[in-house]
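Overview (structure and organization)
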Amino acid sequence: MRNLAAVTFLLATPAFAASLQLVALGDSLTAGYGLPPQEGLVPQLQAWLAAAGADVVVLNAGVSGDTTAGGLARLDWSLAGGADALMVALGGNDLLRGLPPAQSRANLDAILTDAGKRGLPVLLVGLPAPSNYGPEFKTEFDAIFPDLAAAYGTVMLPNLLAPIMDLPLQTRSARALMQADGLHPSAEGVKLVIAELGPKVLELLARVPPR
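Residues numbered from 1 in each chain as written. Predicted model: local features only at pLDDT ≥ 70, side-chain atom pairs only at ≥ 80, totals over all residues. Heavy atoms only, no water.

1. A few points about the sheet that holds strand β5 (residues 155-157)
Pairing between sheet strands relies on hydrogen bonds along the backbone, with the strands arranged either parallel or antiparallel. Spatial strand order, β2-β1-β3-β4-β5: 5 strands in an open sheet with parallel pairing. In this open sheet, the two strands that pair with only one neighbour each are β2 (56-62) and β5. Averaged over all adjacent pairs, the angle separating strand axes in this sheet is 15°, with direction ignored. Here helix α7 (residues 101-117) sits on the sheet and contacts β1 (20-26), β3 (85-89) and β4 (122-125); the angle it forms with β3, its principal contact strand, is near 175°. Seen against the sheet, helix α9 (residues 144-152) touches β4 and β5 and runs at an angle of roughly 165° to β4. (Pairing = 2+ DSSP bridges. Helix = DSSP H or I, 4+ residues; strand = E, 2+ residues; numbered from the N terminus. Axes fitted to C-alpha atoms, helices over the stretch in contact; angles between N-to-C directions. Contact = heavy atoms within 4.5 Å.)

2. With respect to the pattern of salt bridges
Oppositely charged side chains can pair when the atoms bearing their charge come close. Tallied over the entire structure, the rule returns 7 salt bridges. In this structure, the salt-bridge partner of R118 is D114, at a minimum N-O distance of 2.4 Å. On the basis of relative accessibility, which here comes to 21%, the residue D114 falls in the partly exposed class. Between K191 and E188 there is a salt bridge, and its shortest N-O distance comes to 3.2 Å. Here E188 and K191 lie together in helix α12 (residues 187-205), a separation of 3 residues that amounts to about one turn. When its relative accessible area of 42% is taken as the criterion, E188 is described as partly exposed. (Salt bridge = Lys/Arg side-chain N within 4 Å of Asp/Glu carboxyl O. Buried < 20%, exposed > 50% of the residue type's maximum accessible area, 1.4 Å probe, protein only.)

3. Details of the packing of aromatic side chains
A complete count under the given rule lists 3 aromatic pairs for this structure. With a centroid separation of 5.8 Å and 70° between ring planes, the pair formed by F141 and F145 is classed as edge-to-face. Just as F141 is buried, F145 falls in that class too. An aromatic cluster is defined as three or more aromatic residues linked by ring pairs; in this entry it consists of Y133, F137, F141 and F145. (Phe/Tyr/Trp six-rings, centres within 6.5 Å; stacked < 30°, edge-to-face > 60°.)

4. Regarding the packing of helix α3 (residues 41-51) against α12
Here α3 crosses α12 at 55°, and the two axes come no closer than 9 Å. Judged by the inter-axis angle, α3 sits oblique to α12. As α3 runs across α12, the sense of the crossing is right-handed. Contacts between α3 and α12 involve L41, Q44, L45, W48 and L49 from the first element and A187, V190, K191, V193, I194, A195, L197, G198, P199, V201 and L202 from the second. In terms of residue class, the contact of α3 with α12 is built from 13 nonpolar, 2 polar and 1 charged. (Parallel < 35°, antiparallel > 145°, perpendicular 65-115°, else oblique. Left-handed = near helix turned anticlockwise from the far one by under 90°. Nonpolar A, V, L, I, M, F, W, Y, C, P; charged D, E, K, R; others polar.)

5. Here we look at the side chain of S186
In this fold, S186 is placed in the loop between α11 (169-174) and α12. Residue S186 is classed as buried on the basis of its relative accessible area of 11%. Polar side-chain contacts of S186 include one of 2.6 Å to the backbone oxygen of A176. (Polar contact = N/O pair within 3.5 Å; in protein donor to acceptor, adjacent residues only side chain to side chain.)

6. A look at the nonpolar core
One broad trend across soluble globular proteins is that nonpolar side chains are buried collectively. Counting residues in each nonpolar core, the largest one holds 34 residues, and the members touching the most others are L41, M87, L160, L197 and V201. Counting only elements with at least two residues in this core, the list comes to β1, α3, β2, β3, β4, β5 and α12. Here this core takes 8 residues from α12, the largest share from any one element. Leaving out residues up to four positions away in the same chain, L197 has contacts with L41, L45, M87, L123, V125, L157 and L160. (Core = buried A, V, L, I, M, F, W, Y, C linked by side-chain atoms within 4.5 Å.)

7. Here's the deal with the environment of K117
Structurally, K117 can be placed in helix α7. Placed 15 residues apart in sequence, K117 and A102 show a C-alpha to C-alpha distance of 23 Å.

8. Structural notes on unusual backbone geometry
Despite not being glycine, A176 shows a phi value in the positive range, around 50°. Looking at the element boundaries, A176 is found in the loop between α11 and α12. Look at A176 and you get partly exposed, because its relative accessible area is 43%.

Quick look at the structure:
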């Protein structure tokens, strides 16, 4: 009878459910360039999600200097360890290099196509082009993210750095929200970014199919 009771207990006990895995595919903004290990975007996002009660592990697939082409080239091995969802935050280095927007669009399109074949829900994170490239370039580049998000039905955050860039320059400076290079947020700046990114990630995780 004791053995039967033990078997009954084991059958009634739900199988252990591992945490969801979110792969954050990006560049130096994702990698946490210039910041202590625990103050980068991924560690701060992980902490925010844990505080929100999300059972997820965020895997840092950010590589400093990476372009959309680089992200596409390493997509397979970035997902090789397993993934339940994908966050794509690429394009900043395409802008810095002045690469043709059509090229950036094609690379991101290919990433989203691959993710779709794998059944992965995606959060597409954008950045707007600066005005110094001219209005035609800016219009073409800025349209990439909403167009692809609509075409693939992804969750989208239009501008990763909006919580910082929407503030007056004096406020950004006084609060030291950017690093000295003016391109990467400080640890305090990342906190602002996560406050808007976090809810979008929760929206993404809600799309992960039940196991």
